[in-house]
Structure formats: C-alpha cells, structure tokens
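Structural features, examined
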Amino acid sequence: MAIKTNPFTTPTEESGYLSDDSSFYGDTPTKQDLSARASSFSAAHYFKIHLPSPTEIALANRAKMAFRSSSTLYNPYEGASWARQLGESVDDFLRRIPPRTTQGTEEAPWIYVANPYRKAPAARPEATEAPPEEESDWAGFVVRGNEMLEEIVRVRNEIARQNEGRTRSVITGMVNVEKDKLVHALRDAAKRLKCTSGKWMLFVDPIEINAVWSVVAHATANNQLGIASKVAPDFGDPRKERLVCIYTKDFTDIEDVTRVARRMKDLGLIEAKKAIYYKCDAYTYLGIARDNQWDIKPSLYSSKDILSEGGQKKVPHFFYKKEEKDNRPDIMDWE
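In this text the structure is predicted, and so the values were computed from the model without any measurement. (Residues numbered from 1 in each chain as written. Predicted model: local features only at pLDDT ≥ 70, side-chain atom pairs only at ≥ 80, totals over all residues. Heavy atoms only, no water.)

Checked against the element boundaries, N292 lands in the loop between helix 10 (281–285) and strand 6 (301–302). A polar contact is formed between the side chain of N292 and the backbone oxygen of I296, at a distance of 2.6 Å. (Helix = DSSP H or I, 4+ residues; strand = E, 2+ residues; numbered from the N terminus. Polar contact = N/O pair within 3.5 Å; in protein donor to acceptor, adjacent residues only side chain to side chain.)

Turning next to the environment of N223. Take N223: it is sitting in the loop between helix 8 (209–221) and strand 3 (228–231). Expressed as a C-alpha distance, the spacing of N223 and Y117, which sit 106 residues apart in the sequence, is 6.6 Å. For N223, the contacting residues outside a window of four places in its chain are N115 and Y117. Among the polar contacts listed, one links the side chain of N223 to the side chain of N115, at a separation of 2.7 Å. (Contact = heavy atoms within 4.5 Å.)

Given a rise of 1.5 Å per residue, 25 residues ought to cover 36 Å, and the 36 Å separating the end C-alpha atoms of helix 7 (residues 168–192) matches this to within 8%. The set of residues buried in helix 7 consists of I171, V175, K179, L182, V183, H184, A185, L186, R187, D188, A189 and A190. Taken together, the buried residues of helix 7 touch helix 6 (138–162) and helix 10. Immediately downstream of helix 7, the backbone of K194 shows phi near 60 degrees, a positive value. (Expected span 1.5 Å × (residues − 1). Buried < 20%, exposed > 50% of the residue type's maximum accessible area, 1.4 Å probe, protein only.)

So, on to the packing of helix 6 against helix 7. At a minimum axis distance of 10 Å, the contact between helix 6 and helix 7 shows a crossing angle of 170 degrees. Judged by the angle between their axes, helix 6 and helix 7 are roughly antiparallel. Contact residues: F141, G145, M148, E151, I152, V155, R156, I159 and A160 in helix 6; I171, M174, V175, E178, K179, L182, V183, A185, L186, A189 and A190 in helix 7. Considering only residue class, the contact of helix 6 with helix 7 consists of 15 nonpolar, one polar and four charged. (Axes fitted to C-alpha atoms, helices over the stretch in contact; angles between N-to-C directions. Parallel < 35°, antiparallel > 145°, perpendicular 65-115°, else oblique. Nonpolar A, V, L, I, M, F, W, Y, C, P; charged D, E, K, R; others polar.)

Together, D205, E208, E241 and E271 make up a region of like negative charge exposed at the surface. Relative to the elements of secondary structure, E241 occurs in the loop between strand 3 and strand 4 (242–248). Taking the relative accessible area as the measure of exposure, E241 reaches 41% and is therefore partly exposed. (Patch = residues over 30% accessible without salt bridge, like charges linked within 9 Å, V, L, I, M, F, W, Y side chains within 5 Å. Areas by Shrake-Rupley, 256 points an atom, 1.4 Å probe, with all protein chains shown as cover. Salt bridge = Lys/Arg side-chain N within 4 Å of Asp/Glu carboxyl O. Lys, Arg positive; Asp, Glu negative; His and termini not counted. Charge placed at Lys NZ, Arg CZ, Asp CG, Glu CD.)

Let's shift gears to the pattern of salt bridges. Enumeration according to the criterion identifies 16 salt bridges in this entry. Across the salt bridge formed by R96 and E88, the nearest N and O atoms sit 2.8 Å from each other. Assessed through its relative accessible area of 37%, R96 is described here as partly exposed. Taking relative accessible area as the criterion, E88 reaches 12% and is therefore assigned buried. When the shortest N-O distance is used, the salt bridge between K199 and E129 registers 3.1 Å. Linking K199 in strand 2 (residues 198–204) with E129 in the loop between strand 1 (111–114) and helix 6, this pair joins segments that are 70 residues apart in sequence. Take K199 and E129: they sit in the same class, and that class is buried. What you see here is one network of salt bridges that share partners, running through E129, K199, K230 and D281.

Interpretation note: all reported values are geometric properties and have no functional meaning in isolation.
Written as structure tokens, this is what we have:
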C-alpha cells in the first residue's frame with residue numbers, strides 16, 4: 001500500500017523517526033539542561049536518598065517470597081513423629097506435640113525442630129544430640145575420647161603414687177597440669193573428627209515450657225538461631241525443670257556461639273542476672289556431666305562471659321599448636 005506524502009513533514013518524520021532537530025525534545029535550552037542533568041546523574045546517590053514506593057516494597061517482598069519458596073529445604077528428622085515436619089507449620093507442630101503434656105518414652109525422649117535452611121543428613125535414631133555433619137566420625141571420637149579419659153585416670157594415679165607423702169594441694173596441682181593437656185587434646189580430637197556441635201542449655205519451669213518452646217521453635221525454623229533445637233517432654237515429674245537445647249554447628253566458632261546467645265537474649269530467653277551455659281556434644285557423648293570422676297568442667301561457656309563487654313576475649317583458647325615435625329594425630333607439643 002502506498003504511503004501518502006505529507007507536504008508539512010520531512011522525509012525523516014514520514015518514515016516514523018524523529019530527527020535531532022525536531023521540537024519533540026524541547027527547545028535548545030531545555031535539551032542542554034536535560035543533557036547536563038543526565039551527565040551528572042549518580043545512581044548510587046539516587047538509591048541512597050530514594051524512599052521506595054509502596055509498589056516497589058510490594059515487588060521486593062514478592063521476590064523475596066518467591067526466592068524462599070524456591071529454596072531447597074532440609075529436615076534430618078523428616079518422617080519422625082517426634083519432630084517437626086517440612087509439610088507442617090510451626091504452629092501445627094506445636095499443637096501436635098506440646099512439650100508440657102506430651103509423654104516422653106524410650107523411643108522418643110526428646111522433641112526436635114531443625115533449621116530447614118541448613119543442609120544435614122538424616123539423623124540416626126541413636127543420635128540424641130545435634131544432627132551430625134556428613135563427615136562427622138562420632139563413633140571414632142567416642143572410642144578415642146574414652147581412651148583419653150582412661151589416660152587421665154592413669155596419670156592421676158601415677159602422680160599420686162610417685163608423690164606419696166606430699167600435700168593434697170601439691171598433688172592436685174600436678175594432676176591438673178597434666179589433665180588440662182589431655183582435655184585440650186580431647187577437644188582437638190573432636191575438631192579433627194568433625195564432632196564439633198554443641199548447645200546452649202535452658203532449664204525451664206514446666207508451667208512455662210510451652211511458651212518458651214514456642215519462641216525457640218519459631219526462631220529455629222526461621223533460621224534465627226542455630227542448626228536445631230530440642231525440648232524434653234513430660235516424664236511424670238511436674239516439679240522437675242525441663243531442658244531446652246539450642247544447637248550450634250561448631251563449639252570453636254565463638255562468633256556463631258555468641259550470635260546465637262545474643263539472639264536468645266533479644267528473644268527474652270536469657271535473663272540479665274541469670275547465666276546459662278554452653279556444652280559441647282563431645283562431652284555429652286562421653287558422659288562428662290556435673291561432678292564427673294575426671295573433674296572436668298562440663299560446660300565451655302557462660303552467657304555472662306560471652307555477652308559481657310569484650311566477652312569473646314574472656315573465652316579460653318582451647319587448642320594448642322601442633323608441632324609440624326610430629327604427624328601423629330594425638331601427640332601434641334604444648335605451648
């Protein structure tokens with residue numbers, strides 16, 4: 001079809017394009033002003049002072065929800081009736097097995113919730129602590145750990161035998177020096193065998209346990225605390241405090257241990273005047289509890305120390321340097 005020529009237009013305008021001389025872009029001063037503004041425009045400065053519109057906020061939230069829904073979620077306790085499942089909301093989980101009234105059994109001595117944003121292999125039925133890492137060698141650690149505990153007893157008896165007649169305080173001091181070396185070696189072994197999980201422990205009045213567990217479960221499931229949490233169900237003693245454990249991946253990662261403690265404080269789980277304590281799972285699997293026969297302090301950290309000003313500097317250095325000339329894994333040269 002032939003296009004009729006308009007006597008009042010230029011050939012460029014007839015072809016559907018606007019020339020640089022067209023008044024569509026404004027007069028010469030307007031074009032100069034727009035050109036100067038374009039040259040001086042800073043995107044970084046604009047977004048620094050720009051307040052997002054309601055539409056922009058809605059679109060950002062929508063994109064965030066789409067990302068979260070497309071993320072791969074994990075649950076090492078999937079299929080276990082005593083743990084939260086990926087297909088149920090946290091509120092449904094709490095209604096299904098409330099810790100205050102749920103009866104504990106040998107098969108289900110704990111109620112668990114995992115952080116679904118942390119990849120973890122399926123938990124083994126015999127693993128009552130944190131979900132293990134894929135490379136964790138807990139069986140190997142328990143064997144080596146028990147050997148070290150036996151060595152503590154042997155060294156203590158040998159020192160006492162060699163120093164018979166000396167005061168108890170002198171012998172105790174000599175024993176403690178050697179014991180501390182072996183305890184550090186024990187923690188080194190846990191690190192080497194990737195058995196580093198640990199937990200902050202809360203002891204809660206049974207009357208308050210459902211409310212406290214609700215806060216912990218929601219925060220764990222929303223990736224605000226550690227790798228998993230558990231709570232003790234009802235074992236028939238209404239006066240006994242219930243234990244809640246909030247697990248972290250690595251007891252040597254002081255920054256992460258501190259981060260979880262601070263979040264717990266923000267959530268109202270840690271009182272300013274009442275300390276709570278952190279214990280590594282390595283000690284739990286070896287049976288190192290209060291008043292243990294090896295005289296090893298069962299907890300590693302206190303919330304008062306961790307959360308105080310400069311708290312991380314107060315945490316003892318748990319690991320000695322190994323001499324490069326000696327490649328045997330459990331023989332250490334102490335600083």
